[in-house]
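Structure at a glance
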Amino acid sequence: MTLSELLPSLGCEAADHLEPGVWPRSTCLGPGGELLFAGAPVSHLAARFGTPAYLLDEDEVRQNARAYRTALPDAEVAYASKALCTRAVLRWIAEEGLSLDTCSAGEIAVARSIGFPPERILLHGNAKTPEDLKAALSYGVRRIVVDSLDEIEQLGALTTGAQQVLIRVTPDVAAGTHAAITTGTEGQKFGFSLRGEVRDNLDRAVSAVLAQPGLRLAGLHCHIGSQVSRVDFYEQAARKMVGVLVRLRETHGITLRELDLGGGHAVRYLPGDAGFDIDGYVRRLRVALAYECASNGFPLPELTIEPGRAIVGPAGITVYRVCAVKRGSRTFVAVDGGMSDNARPALYGAAYTARLVGRRSRAARRPVTVVGRHCESGDILADGLALPDDVHPGDLLAVPCTGAYHHSLASNYNLVGRPPVVGVSRGTATLLVRRETEEDLLKRDLG
Ligand SMILES: Cc1ncc(COP(=O)(O)O)c(C=O)c1O
Ligand SMILES: N[C@@H](CCCC[NH3+])C(=O)O
């Protein structure tokens, strides 16, 4: 049954009462201002699981994963688990046939605990610890993406078999995103430089890998950044990377077969945000790769991509309860969460929208600043947001597009326990990660 068929039976109004493009596809407004999320009333979920809580629409995660598989049937799509790494999410990803991009022994442990096939896992990181490398080797992770000469030596010393590696390259493509999540330019910490004069340059990396009997060089990797909406930056990166493959054939006599172009595809946090055109991306990538390969007589490489945010971000919302409303030169609506469950405004100046849920108000709307409970004046969740003037303590607020880099970036600042993750599918809610309690926090403090 499609959502539009389902809406009347749920007593839903048209979904277009919500800001377009930023709420999960299954959300709609029900009677009395109720927000229905994946078929369940958000106020019921808040009563059952408490607030703040991360709610995740399982079907949307699966649909987003499937959309990549459909758009790129001949490529490997590896979900970047740093966006949200829980056992249930990795199970859905495995069932949808995706691969997995991990970046620590911890993420590998979660993948291993649900039996995620190791031949479909990659390990990333600019500073992999011996524990990270050993975890990857002991689970049989198929590809390790190496990021420094030191790592190549350390990995070479740990392997006896034929561990496949990709070399991470700095393609020097600026991705038009926030500086803190731009990862493909010279002068940031990731990848081997294409410049010959620096110590950790690509040619040295290639020679170093080829000199290690336990390593087998399978291909190259690059990742230009995150929350990137312009497809032409990926096209630029793809062209450059083929150029690099061609050059390595000339200089080192090797024809590398794998090309991993990373992730970074943008999502909409606000109605005016650009988002990401997957079909346009696929079209332009195919043309760029085909053209560059054909004109250099180079075989089309096997392609891998690593979207994280675009798969889980739009499938999640966070629900908060209002603790206090303070009216002055500015009106502050303070909620029971904040920068500990959403670090993105403080880290990247990220902007969000929010809406009152669970009741309908006829009061005039006025701009407010939604703030968190933490001891910092920068703990702002949404600014200039139009909320009904009668917003009061006890009200529920929902914030969309919180499925990626919210739970995974959450902290215990001010010793606030991290919120639960609740999976919802067709009206049924399941607790995926429980709320962190004071007991949990005390247990770690050994006095
Ligand atoms: C190597 C690598 N691949 C994939 C990703 C996923 O990025 P995103 O969640 O923006 O798709 C990241 C994070 O930016 C990354 O560092
Ligand atoms: N944490 C960033 C994304 C980082 C991507 C990882 N390389 C964000 O929330 O936007």
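Residues numbered from 1 in each chain as written. Chains lettered and ligands numbered in written order. Predicted model: local features only at pLDDT ≥ 70, side-chain atom pairs only at ≥ 80, totals over all residues. Heavy atoms only, no water.

**Considering the site of ligand 2**
Taken together, Lys 82, Ile 181, Ser 226, Arg 309, Arg 344, Tyr 348, Tyr 405 and Leu 409 are the residues near ligand 2. Within the side chain of Arg 309, one N or O atom sits 2.7 Å away from an oxygen atom of ligand 2. Taking Arg 344, its side chain carries an N or O atom lying 2.7 Å from an oxygen atom of ligand 2. The cavity where ligand 2 resides is the largest pocket. Looking at the shell around ligand 2, its residues break down into four nonpolar, one polar and three charged. (Near = heavy atom within 4 Å. Polar contact = N/O pair within 3.5 Å; in protein donor to acceptor, adjacent residues only side chain to side chain. 1 Å grid on protein atoms, 1.4 Å probe; cavity = no way out; pocket = protein on both sides within 12 Å on 5 of 7 lines; lining within 4 Å. Sits in = over half its atoms within 2 Å of the grid points. Nonpolar A, V, L, I, M, F, W, Y, C, P; charged D, E, K, R; others polar.)

**Regarding the site of ligand 1**
Taken together, 16 residues lie near ligand 1, and His 223, Ser 226, Gly 264, Glu 306 and Tyr 405 sit nearest. Between Gly 264 and ligand 1, the recorded distance is 2.7 Å, taken from a backbone N or O atom to an oxygen atom. Within the backbone of Arg 309, an N or O atom sits 2.8 Å from an oxygen atom of ligand 1. Considered on its own, ligand 1 offers 390 Å² of accessible surface; in the complex 92% of this is hidden by protein. One can see that ligand 1 is located within the largest pocket. Partitioned by chemical class, the residues of the shell around ligand 1 number three nonpolar, eight polar and five charged. (Areas by Shrake-Rupley, 256 points an atom, 1.4 Å probe, with all protein chains shown as cover.)

**A short note on the UniProt feature "active site" (unreviewed entry) in the chain**
Here the UniProt-annotated "active site" (unreviewed entry) positions come out as Cys 375. Mapped onto the elements of the fold, Cys 375 is located in the loop between β17 (365-371) and β18 (380-388). Not counting residues up to four positions away in its chain, the partners in contact with Cys 375 are Tyr 413 and Asn 414. (UniProt positions renumbered as here; feature names shortened; annotations may be inferred. Helix = DSSP H or I, 4+ residues; strand = E, 2+ residues; numbered from the N terminus. Contact = heavy atoms within 4.5 Å.)

**Examining the UniProt feature "domain: Orn/DAP/Arg decarboxylase 2 N-terminal" (unreviewed entry) in the chain**
The UniProt feature table records "domain: Orn/DAP/Arg decarboxylase 2 N-terminal" (unreviewed entry) at residues 59-313. Helix makes up 41% of residues 59-313 and strand 16%. Its end C-alpha atoms lie 13 Å apart.

**Digging into the confidence of the model for the chain**
A low pLDDT means the predicted coordinates there should not be read in detail. When pLDDT is averaged along the chain, the result is 95, and 96% of the positions lie at 70 or above. With pTM at 0.96, the complex prediction returns an ipTM value of 0.98. (pLDDT = per-residue confidence, 0-100.)

**Points about helix α6 (residues 130-139)**
For α6, the complete set of buried residues consists of Asp 132, Leu 133, Ala 135, Ala 136 and Tyr 139. Summarising the axial view, the buried residues of α6 lie within an arc of 160 degrees, below the 170-degree limit, and thus occupy one face. Phi turns positive, to about 80 degrees, at Gly 140, one or two residues after α6. (Buried < 20%, exposed > 50% of the residue type's maximum accessible area, 1.4 Å probe, protein only. Arc of directions from axis to C-beta.)

**Structural notes on the side chain of Thr 185**
Within the secondary structure, Thr 185 is located in the loop between β9 (163-170) and β10 (192-193). Looking at Thr 185, the relative accessible area reads 18%, which means it is buried.

**Let's talk about empty space enclosed by the protein**
To locate leftover empty space, one rolls a probe as large as a water molecule over the atoms. Counting across every chain of the model gives one cavity of 30 Å³ or more. Roughly 50 Å³ of volume is contained in the largest cavity. In terms of lining residues, the largest cavity is bounded by Tyr 54, Leu 55, Leu 56, Leu 84, Gly 316, Ile 317, Thr 402, Gly 403, His 407 and Val 421. Those elements that provide at least two residues to the lining of the largest cavity are β4 (53-57) and β14 (316-327). When residues of the lining of the largest cavity are assigned to their parent elements, the largest contribution, three residues, is made by β4. Classifying every residue of the lining of the largest cavity by side-chain character gives six nonpolar, four polar and no charged. (Points joined across faces, edges and corners; volume = space filled by probe spheres on them.)

**Concerning the layout of surface pockets**
Quantified by volume, the largest pocket comes out at close to 700 Å³. Surrounding the largest pocket, 30 residues form its lining, Lys 82, Thr 183, Phe 190, His 223 and Tyr 405 being those nearest its centre. Of the residues in the lining of the largest pocket, the class split is nine nonpolar, 14 polar and seven charged.

**Quick word on the pattern of salt bridges**
Pairs may arise between side chains of opposite charge once their charged atoms sit close together. Taken as a whole and assessed by the stated rule, the structure comprises 28 salt bridges. Between Asp 101 and Lys 82 there is a salt bridge; the shortest N-O distance is 3.7 Å. Separated by 19 residues along the polypeptide, Asp 101 in strand β6 (residues 99-102) and Lys 82 in the loop between β5 (76-80) and α4 (87-95) bring together distant segments of the chain. According to the relative accessible area criterion, Asp 101 is buried, its value standing at 2%. On the basis of relative accessible area, Lys 82 is assigned to the partly exposed category, the value being 29%. If you follow the salt bridges from partner to partner, you end up with Glu 58, Arg 62, Arg 66, Glu 95 and Glu 96 in one network. (Salt bridge = Lys/Arg side-chain N within 4 Å of Asp/Glu carboxyl O.)

**Topic: the sheet that holds strand β1 (residues 28-29)**
On the basis of which strands lie adjacent, the open sheet formed by three strands has the order β1-β2-β3 and antiparallel pairing. Either end of the sheet is taken by a strand with one partner, and the two such strands are β1 and β3 (40-41). Bridge analysis of β1 against strand β2 (residues 35-37) gives two bridges, and the strand direction is antiparallel. If you follow Leu 29 over to β2, its bridge partner there is Leu 35. (Pairing = 2+ DSSP bridges.)

**Observations regarding the nonpolar core**
Counting 101 residues, the largest nonpolar core has Tyr 79, Ile 167 and Leu 220 as the members making the most contacts within it. Broken down by element, the residue count for this core peaks at 11 residues, all from helix α9 (residues 231-252). When sequence neighbours within four positions are dropped, the list of residues in contact with Ile 167 reads Val 146, Phe 192, Leu 202, Ala 205, Val 206, Val 209, Leu 217, Gly 219, Leu 220 and His 221. In this structure, Leu 18, Ala 40, Ile 317 and Leu 396 belong to the second largest nonpolar core, which totals 22 residues. (Core = buried A, V, L, I, M, F, W, Y, C linked by side-chain atoms within 4.5 Å.)

**A word on the environment of Glu 60**
Structurally, Glu 60 is set in helix α3 (residues 58-71). Judged by relative accessible area, which is 4%, Glu 60 ranks as buried. For the pair Glu 60 and Pro 118, spaced 58 residues apart in sequence, the C-alpha to C-alpha distance is 25 Å. Other than its neighbours up to four places away in sequence, Glu 60 contacts Pro 24, Arg 25, Ser 26, Pro 314 and Ala 315.

**Remarks on unusual backbone geometry**
That bond from Thr 51 to Pro 52 is cis: its omega, -10 degrees, falls within 30 degrees of zero. Within the secondary structure, Pro 52 is located in the loop between α2 (42-49) and β4. In this structure, Asn 414 takes a positive phi of about 60 degrees despite not being glycine. Secondary-structure assignment places Asn 414 in the loop between β19 (396-400) and β20 (421-425). Using a relative accessible area of 35% as the deciding quantity, one classes Asn 414 as partly exposed.

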